Amino acid sequence: YAPCIFIGAVASILAASVVGHQAMFAIACFTLSVMPEVGSFAIPFGLVATLNQRAEREGKQVSTALQMSLLNCCVTVGQQICTLSLAAIMGTLSMSMALPCVFMLAGGAQALAGSGALFLDDAPVEDEATTEEEDNLDLSMESDSALESSAVC
């Protein structure tokens, strides 16, 4: 996740400080600015999948409406913060001065998010009940093979 988010941070900082009136470079920065969505949108979908698995193991009903609202909030909160930040900055600056400020703000936020994603522990957690069931299954398979070998002898 982190490399995608860092690419977006670099694109935002370049858009704020280097682009100027260079149309092709602006298009390249715009194209790269989509990369953080790839990395950051994967995290909420992973959370929903984890919640589904946990609910199924516990025998609880899975609420699709709740999951969709969670995903919608995770996906749109960044857009809402960016829009409000731009509106606040435009209260004191013109649009041509406010946009680079918002790009720098976005670059800083993405740099922090990328750093956080680097330390994200996304290794699957084994449930104690699942581990006990697997141990019991292994023991029963060992006893079956021991019975078969003693029957052969």
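Up top is the structure these notes are about.
Every value quoted in this text rests on a predicted model; they were computed, and no experiment measured them.

Novice: Help me understand the overall build of the protein, please; the structure alone is not making it clear to me.
Specialist: The number of helices and strands found in the protein is six helices and zero strands. Along the protein, helices and strands appear, N-terminal first, in the series α-α-α-α-α-α. Per-residue burial for the protein yields a buried fraction of 19% across its 153 residues. Within the protein, contacts between residues separated by at least 24 positions form 62% of all contacts whose residues are at least 6 apart in sequence.

Novice: Would you mind going over the environment of Cys29 with me for this structure?
Specialist: Looking at the secondary structure, you find Cys29 in helix H2 (residues 23-32). The exposure class assigned to Cys29 is buried, which follows from its relative accessible area of 6%. It is 6.1 Å that separates the C-alpha atoms of Cys29 and Ala15, two residues lying 14 residues apart in sequence. With sequence-adjacent residues up to four places away left out, Cys29 is seen in contact with Ala11, Leu14, Ala15 and Val19.

Novice: In this structure, what is going on with the environment of Ile5? I would like to understand it.
Specialist: Mapped onto the elements, Ile5 comes out in helix H1 (residues 2-17). Given the relative accessible area of 5%, Ile5 is considered buried. Along the sequence, Ile5 and Leu112 sit 107 residues apart, while their C-alpha atoms lie 9.3 Å from each other. Beyond its immediate chain neighbours, meaning those up to four positions away, Ile5 contacts Pro36, Gly39, Ser40, Gln110, Ala113, Gly114 and Ala117.

Reading guide: rules and limits
- Residues numbered from 1 in each chain as written.
- Predicted model: local features only at pLDDT ≥ 70, side-chain atom pairs only at ≥ 80, totals over all residues.
- Heavy atoms only, no water.
- Helix = DSSP H or I, 4+ residues; strand = E, 2+ residues; numbered from the N terminus.
- Buried < 20%, exposed > 50% of the residue type's maximum accessible area, 1.4 Å probe, protein only.
- Contact = heavy atoms within 4.5 Å.

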